[in-house]
Amino acid sequence: MAREAVRQMSSASSSASSINRIAVVGAGQMGTGIAIVAAHVGRCAVSLFDSCGGQLAKSEKFVASWLEKEVGKGRMSAEDSQGVAARLSYVNLKDDAGTATHLSHKDMAFAIEAVVEDFGVKREVLGVLDRQMPPQAILATNTSSISITKLAATTNRAQKVIGMHFMNPVPKMPLVEVIKGLATDEETLSTTMALGKVGFGKETAVSEDRPGFVSNRVLMPYINEAVFTLQEGIASVEDIDKILKLGTNVPMGPLTLADFIGLDTCLYVMRVLHTELGDSKYRPAPLLVQYVDAGWLGRKSGRGFYRYQ
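Quick caveat: nothing in here was measured; it's all calculated off a predicted structure.

Enquirer: Tell me about the overall build of the chain, and name the residues and values.
Expert: Tallying secondary structure elements over the chain gives 13 helices and eight strands in all. For a compact globule of 309 residues, the expected C-alpha radius of gyration is about 19 Å, and the chain comes in at 20 Å, within 12% of that figure. When its C-alpha atoms are laid out on the principal axes, the chain stretches across 60 × 45 × 40 Å. Within the chain, the fraction of its 309 residues that count as buried is 46%. Within the chain, residue pairs in contact and separated by at least 24 positions form 68% of the contacts whose partners lie at least 6 positions apart. One way to put it: in the chain the 33 positive side-chain charges average out to a point 3 Å from where the 32 negative ones average out.

This is how it looks when you write it as structure tokens:
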């Protein structure tokens, strides 16, 4: 049994090492971060897709700025920086011919969708990947709460669909939470785990396909309770964050973290937990709902529990 386990691990590492071309769909903050790490650590050729030309241009500008800073801080050589930039290509999903050319490449063995946290949008993207990518390619979804099993069932390769929940910001955070769908086969799981280490330089941990997985099943109720504490006037925003940050030795307080994640994302995950698990302890704080309704989404909108320039 031990020899078989070693053999399977060796086979998975070999499969992961042979993946030298991947697709990332969604050129937002998460998708861009995933693409950077794959091109830098894994030295993969990365095709970064988005349906918005403006977003692709913004992503390309961010990558250039990030590389310049890394070189300036001595964490990367100019030669390595040029290599990362050369391995990245930016493709508009509306260009059907260009999309098909990139996705159907014989070496395109792995794709990661990193679009908005919405089942309908993710289903549509996975449909495009399923139709156009080689039959044995693995389709990963960077979701923080949506059922992998449910998404996989919309494709014709459910056994090849898996969750890869990257943490934000991707270049800095050391973990990828890997989630198995009900139909995900062992080869897909082992290859994805190995790719997380070889191709992304991350630690990996596995969760079953349950609402919120592990990370958000624990984290979001913690943030939600901090919002209830604020709503009930128990303490100010600053004092809630100060007590939790210094009292539990974490890098930031829960309300600062909520602003960083995005209050709309926090609310979406809480609603998934509340709906799927049916327990009142997951009821979103009314103040969180009100902030989202007001468009106070955190850092990305300039205002959340704090104001930002």
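We are not done yet, so read on.
Enquirer: Describe the UniProt feature "site: Important for catalytic activity" (unreviewed entry) in the chain, with residues and values.
Expert: The UniProt entry lists His-165 under the feature "site: Important for catalytic activity" (unreviewed entry), expressed in the numbering used here. With sequence-adjacent residues up to four places away left out, His-165 is seen in contact with Asn-142, Thr-143, Ser-144, Leu-175, Val-176, Glu-177, Ile-179, Ser-215 and Asn-216.

Enquirer: Outline the layout of surface pockets, listing residues and values.
Expert: Here the second largest pocket is characterised by a volume of approximately 870 Å³. What lines the second largest pocket is a set of 28 residues, and nearest its centre among them are Gln-29, Phe-62, Trp-66, Pro-169 and Pro-171. Elements represented by at least two residues in the lining of the second largest pocket include exactly helix H2 (29–40) and helix H3 (53–72). Considering every element that reaches the lining of the second largest pocket, the biggest residue donor is H3, with eight residues. Its residues placed into classes, the lining of the second largest pocket shows eleven nonpolar, ten polar and seven charged.

Enquirer: Can you break down the packing of H2 against H3 residue by residue, with the values?
Expert: Packing of H2 against H3 leaves a shortest axis separation of 10 Å and a crossing angle of 50°. Relative to H3, the element H2 is oriented oblique. The handedness of the crossing between H2 and H3 is right-handed. Together, Thr-32, Ile-36 and His-40 of H2 and Ser-59, Phe-62, Val-63 and Trp-66 of H3 make up the contact between the two elements. Its residues placed into classes, the contact of H2 with H3 shows four nonpolar, three polar and no charged.

Enquirer: Before we move on, could you go through helix H4 (residues 78–87) and cite the residues and values that matter?
Expert: Along H4, the residues classified as buried are Ser-81, Gly-83, Val-84 and Arg-87. Mapping the buried residues of H4 onto a view down its axis gives an arc of 160°, with all of them on the same face. Residues of H4 that are exposed and point more than 90 degrees away from the buried face comprise Glu-79, Gln-82 and Ala-86. Against H2, strand S2 (45–50), H3 and strand S3 (88–92) lie the buried residues of H4.

Enquirer: Explain the pattern of salt bridges residue by residue, including any values.
Expert: Counted by the stated rule, this structure contains nine salt bridges. One salt bridge connects Lys-122 with Glu-113, and the closest N-O pair in it is separated by 2.8 Å. Residues joined in a network through salt bridges with shared partners are Glu-113, Glu-117 and Lys-122.

Enquirer: Can you lay out the environment of His-274 for me, pointing to particular residues and giving the numbers?
Expert: Positionally, His-274 belongs in helix H12 (residues 263–277). Accessibility expressed as a relative area gives 30% for His-274, which makes it partly exposed. Through-space distance from the C-alpha of His-274 to that of Pro-211 is 9.2 Å; in sequence the pair is 63 residues apart.

Enquirer: Summarise the domain arrangement of the chain; cite the residues concerned and give the values.
Expert: Here the chain is described as being made up of domain 1 (1–208) and domain 2 (217–300). Look at where the C-alpha atoms of domain 1 and domain 2 centre, and you get two points 29 Å apart. Here domain 1 meets domain 2 over a buried area of about 450 Å², counting both sides, of which 60% is carbon and sulfur. Summed over the shared surface of domain 1 and domain 2, the result is zero residue pairs in polar contact (both at pLDDT 80 or more). Across the side of domain 1 that touches domain 2, the residue classes tally to three nonpolar, three polar and two charged.

Thresholds, definitions, all that
Residue numbering note: each chain is counted from 1, following its sequence as written. The predicted nature of this model means local features are confined to residues of pLDDT at least 70 and side-chain atom pairs, given and counted, to a pLDDT of 80 or more, with totals for whole chains, interfaces and linings taken over all residues. Side-chain descriptors were evaluated using all non-hydrogen atoms of the structure, hydrogens and water having been removed beforehand. Under the scheme used here, helices are H or I runs from DSSP no shorter than 4 residues and strands are E runs no shorter than 2 residues, and both carry numbers assigned from the N terminus. Computation of the radius of gyration draws on C-alpha atoms, with the globule rule given as 2.2 Å multiplied by the number of residues to the power 0.38. With a 1.4 Å probe rolled over the protein chains alone, any residue whose accessible area is under 20% of its type maximum counts as buried; one over 50% counts as exposed, and the rest are partly exposed. Contact definition: two residues touch when any of their heavy atoms are within 4.5 Å. As used throughout, the charge tally considers Lys and Arg to be positive and Asp and Glu to be negative, leaving His and the chain termini uncounted. Lys charges are placed at NZ, Arg charges at CZ, Asp charges at CG and Glu charges at CD. UniProt positions are given in the numbering used here, feature names are shortened, and annotations may be inferred rather than shown by experiment. A cavity here means a set of 1 Å grid points, computed over protein atoms only, where a 1.4 Å probe fits but cannot escape. A pocket is an open set with protein on both sides within 12 Å along at least 5 of 7 lines, and lining residues have an atom within 4 Å of a point. Grid points are joined across faces, edges and corners, and a volume is the space filled by probe spheres set on the points. Following the grouping adopted for this structure description, the nonpolar residues are Ala, Val, Leu, Ile, Met, Phe, Trp, Tyr, Cys and Pro, the charged ones are Asp, Glu, Lys and Arg, and the polar ones are all others, Gly among them. Axis definition: a line fitted to C-alpha atoms, limited for helices to the stretch in contact. Angles are taken between N-to-C directions and run from 0 to 180 degrees. Orientation labels follow simple angle bins: below 35 degrees gives roughly parallel, above 145 gives roughly antiparallel, 65 to 115 gives roughly perpendicular, and whatever is left gives oblique. Crossings are sorted by hand: turned counterclockwise from the far helix by less than a right angle, the near helix makes the crossing left-handed, and turned clockwise it makes it right-handed. Of all possible arcs, the one meant is that of the directions from the helix axis to the C-beta atoms. Salt bridge, as used here: a side-chain nitrogen of Lys or Arg that lies within 4 Å of a carboxyl oxygen of Asp or Glu. What marks off one domain from the next here is an automatic or database domain assignment. Buried area is calculated as the accessible area (1.4 Å probe) missing from two parts once they are joined, with the contributions of both summed. N or O atoms within 3.5 Å of each other form a polar contact, as long as, within protein, one can give a hydrogen and the other can take it, and as long as residues adjacent in sequence are counted only when both atoms are side-chain atoms.

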